Amino acid sequence: MRLSKSFIPTLKEVPAEAVIPSHILMIRSGLVRQVSAGIYTWLPLGYKVLRKIMDIIREEMNAIGGQEFHFPGLNPREIWEQTGRVEAFGDILFHVKNRDYVLAPTHEEIVAYHAKGSVVSYKDMPQIWYQIQTKFRNEPRPRSGVIRGRQFIMKDAYTLDKDTEGLDRGYALHDKAYRAIFDRCGIKYFVVGASSGAMGGSKSEEFMVKSAAGEDTVAYCEKCGYAANAEVAQSVAVGAVHHPESKTIYEISTPDVKSIDELCAFLKIDESETAKSRIYFHEGKPVLVLMLGNDEVNETKLANVLGGTVRPAHPDELKEITGADAGSIGPINFPHRTIADNLLKDGNNLYSGANKNDYHIGGIDLKRDAPQIEYFDLRTAESGEKCIRCGSDLEVFKAIELGHIFKLGTKYSEALGVNFLDENGKEKPVVMGSYGIGVDRVFACFVEQNYDERGIVWKEPLNPFDIQLIGLNMKNAAVADTCERIYIDLIAEGYEVLFDDRLDASAGFKFNDADLLGMPVQVIVGEKNLKEGKVELKYRKSGQKKIVELANLTEELQHPV
RNA sequence: CGGGGCGUAGCUCAGCCCGGCUAGAGCGCUUGGUUUGGGACCAAGAAGUCGCAGGUUCGAAUCCUGUCGCCCCGACCA
């Protein structure tokens, strides 16, 4: 393709609305353009790559027996009422104003609609149905370019089975297909077991990519693959020390000491000798939560332990409950339920608040002085702690969700009456699974993982072109003629070539554009080298350059360095 | 929905606090010429109802009110 005739609007300057690298580069290199918040046009070069991603997805979905559909984006609201999801989605669901239609944010309802009355016998199953289609969600805050949009492209698949064993098989097939898809796209990812949230159903796994732009926080062990959402992640951390001699408790005047850091500095002690108190409300009653040192309370774990929901106490409530303000609260003589993190279990000679402003208590032996305490895992795992499975270092970081596979079960088939007759002539609801991939996210994540200060660094197989052919001075007849010949030859060899044939662009301009666009190989034709019958090859990733005989060009291209 | 920021030419921004001649710069664009190995140079030019609406004022990009949009943090997130 000739650059002079292509619509590839590159930008030298960073667009004001973009913040994260992939978003900036996707706009700067003319792949996408924003139309409105969370709404993007895929420009020709970007769409070319997007199609390559979709082709890979198609191949792998077809390989596990998937059949491609194209479901409508516009759905009758009535179907969504039947599963209760108009209410469940709430404001996220787009409603059409002049008809009783909604814009589909996913397609379980439509799949169930088609299955009903058509998939009627156990002999009709299993089925794997999928599509690659635009989805609509009225996100309250679109962000990070195409990573969270109001309109996005999703590959969604659905399995229909007669029993849970069938569902297990379909689920396993998708797990395999997803790994193949992300591997082929050249994306570094990991898999996290997750709760299935509002989708309903039991088991689910998320395919994640590490990224500062991510919306989830996960703990991950590279060594053994242990990965968990930070809300539930466990880790091995050093607990409170049990000294052979337990001191007796004593009160210490600690004027203006409010935090653990200040307490440690004031008493010249280590964090591991302190216990931090937090007051939460659970079912209307206060609960003191005691953590080692500066460990943060994990509210998800706390809620799981107590059952139901919890909320932190307001500052004005603290005084009433404890007799002190935040910073001086402690477990000794605390009149309500007290629970503590496992790391404090054997602690003695600890320091904590005295429930009296500006006073702390030292010499605490929790077993002796607060025997009523119940112990649970309540802390949030942090980087550098050890993996509970293999003991290696655990890393906690932000991640983007690329794909999610769910065992739905019979939620939708029961709601919509999608039943079949089994071997015994007994009527049963179809067992469903649901499997999504954010196609635009695959694109953005690839860019997040493959760029440098000059631009995107494409690699097989997603690269939009194999080669960028650069004619440095196209007004020079020898350069122009040689470029034309190389262009035709390379295409004949089967390469996809982007030919920078612009007449008026200067050399530096073309070099910078080529680096920004990021094709794996640049073939550079300039007067200087051409006089000696040579052209230059530049490999985008390494930056390595090589002057080669024009006659040997195609051969050289077959042996990349 | 809470907090913060921004809206001036295709893009990036200055001007606004402290109202006053004809609203600016760089990049990009058009025309002509010179250039061509790391975002060239010279000359001439086109391009903005200063987001929108109302108000204050002799006078508003600038002050006030409202409204819409965009970005960031948080909440939310199959």
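Every value quoted in this text rests on a predicted model; they were computed, and no experiment measured them.

(A) Region of interest: the overall build of chain A. What chain A contains, in helices and strands, is 16 helices and 31 strands. Seen through its C-alpha atoms, chain A measures out along the principal axes to roughly 95 × 70 × 45 Å. The proportion of buried residues among the 561 residues of chain A is 53%. Here the analysis covers contacts within chain A between residues at least 6 apart in sequence; of these, 67% occur between residues at least 24 apart. Computing the positive centroid from 68 side-chain charges and the negative centroid from 82, chain A places the two 3 Å apart.

(B) Summary view of the packing of helix α2 (residues 44-63) against helix α12 (residues 439-449). Packing of α2 against α12 brings their axes to within 10 Å, and their N-to-C directions diverge by 115 degrees. The angle between α2 and α12 falls in the class roughly perpendicular. Classified by chirality, the crossing of α12 by α2 is right-handed. Facing Gly46, Val49, Leu50, Ile53, Met54 and Ile57 of α2, the residues of α12 in contact are Val439, Asp440, Val442 and Phe443. Classifying every residue of the contact of α2 with α12 gives eight nonpolar, one polar and one charged.

(C) A look at the environment of Gly508. One can find Gly508 in helix α14 (residues 507-517). Residue classification places Gly508 among the partly exposed positions, given a relative accessible area of 33%. For the pair Gly508 and Leu472, spaced 36 residues apart in sequence, the C-alpha to C-alpha distance is 8.8 Å.

(D) Main features of the packing of aromatic side chains. Per the stated rule, a full pass over the model turns up 15 aromatic pairs. Both rings, one in Phe69 and one in Phe71, keep their centres 4.9 Å apart while their planes meet at 25 degrees; by these two values the pair is stacked. The class of Phe69 is partly exposed, set by a relative accessible area of 24%. The exposure class assigned to Phe71 is buried, which follows from its relative accessible area of 2%. Both rings, one in Phe182 and one in Tyr189, keep their centres 5.6 Å apart while their planes meet at 55 degrees; by these two values the pair is tilted.

(E) Just helix α5 (residues 108-115), in detail. The element α5 is largely enclosed, with a buried count of six among its eight residues. Along α5, the residues classified as buried are Glu108, Glu109, Ile110, Val111, Ala112 and Ala115. Phi turns positive, to about 85 degrees, at Gly117, one or two residues after α5.

(F) Representation of a negative patch on the surface. Judged by side-chain charge, Asp256, Asp261, Glu262, Asp270 and Glu271 come together as a negatively charged surface patch. The topology assignment puts Glu262 in helix α7 (residues 260-267).

(G) How the structure looks around the sheet that holds strand β15 (residues 285-292). An order of β16-β14-β15-β17-β20 is seen for the five strands of this open sheet, with the pairing classed as mixed. In this open sheet, the two edge strands, each paired with only one partner strand, are β16 (310-312) and β20 (374-376). Shown here is a sheet whose adjacent strand axes are inclined to one another by a mean of 35 degrees, direction ignored. Relative to β20, strand β17 (residues 337-341) is paired through three bridges, and the arrangement is parallel. Residue pairing for β20: Ala340 is matched across the bridge by Tyr375.

(H) Structural detail: the pattern of salt bridges. Under the defined criterion, the tally for this structure stands at 38 salt bridges. Note that Arg540 and Asp452 form a salt bridge whose closest N and O atoms lie 2.8 Å from each other. Placement of Arg540 in the loop between β30 (534-539) and β31 (545-549) and of Asp452 in strand β25 (residues 451-452) is noted, with a sequence separation of 88 residues between them. Accessibility expressed as a relative area gives 3% for Arg540, which makes it buried. Salt bridges linked by common partners bring Glu139, Arg143, Arg148 and Glu215 together as one network.

(I) Spatial organisation of the side chain of Asp295. Relative to the elements of secondary structure, Asp295 occurs in the loop between β15 and α8 (299-306). Classification of Asp295 as buried rests on a relative accessible area of 12%. Looking at Asp295, its side chain comes within polar contact range of the side chain of Arg379, at 2.8 Å. Once residues within four sequence positions are removed from consideration, Asp295 is found in contact with Lys276, Leu343 and Arg379.

(J) How the structure looks around the confidence of the model for chain A. Put simply, chain A has an average pLDDT of 92, and 98% of its residues get 70 or more. Every residue in residues 196-200 scores below 50 in pLDDT, and together they form 16 contacts with partners more than four places removed in sequence or on other chains.

(K) Fine view of the sheet that holds strand β18 (residues 350-353). Taking strand neighbours across the sheet as the criterion, the three strands line up as β13-β19-β18 in an open arrangement whose pairing is antiparallel. Looking at the sheet topology across the chains shown, the edges are occupied by β13 (250-253) and β18. For this sheet the average axis-to-axis angle between neighbouring strands, irrespective of direction, equals 30 degrees. Pairing between β18 and strand β19 (residues 359-364): three bridges, direction antiparallel.

Calculation notes
- Residues numbered from 1 in each chain as written.
- Chains lettered and ligands numbered in written order.
- Predicted model: local features only at pLDDT ≥ 70, side-chain atom pairs only at ≥ 80, totals over all residues.
- Heavy atoms only, no water.
- Helix = DSSP H or I, 4+ residues; strand = E, 2+ residues; numbered from the N terminus.
- Buried < 20%, exposed > 50% of the residue type's maximum accessible area, 1.4 Å probe, protein only.
- Contact = heavy atoms within 4.5 Å.
- Lys, Arg positive; Asp, Glu negative; His and termini not counted.
- Charge placed at Lys NZ, Arg CZ, Asp CG, Glu CD.
- Axes fitted to C-alpha atoms, helices over the stretch in contact; angles between N-to-C directions.
- Parallel < 35°, antiparallel > 145°, perpendicular 65-115°, else oblique.
- Left-handed = near helix turned anticlockwise from the far one by under 90°.
- Nonpolar A, V, L, I, M, F, W, Y, C, P; charged D, E, K, R; others polar.
- Phe/Tyr/Trp six-rings, centres within 6.5 Å; stacked < 30°, edge-to-face > 60°.
- Patch = residues over 30% accessible without salt bridge, like charges linked within 9 Å, V, L, I, M, F, W, Y side chains within 5 Å.
- Areas by Shrake-Rupley, 256 points an atom, 1.4 Å probe, with all protein chains shown as cover.
- Salt bridge = Lys/Arg side-chain N within 4 Å of Asp/Glu carboxyl O.
- Pairing = 2+ DSSP bridges.
- Polar contact = N/O pair within 3.5 Å; in protein donor to acceptor, adjacent residues only side chain to side chain.
- pLDDT = per-residue confidence, 0-100.

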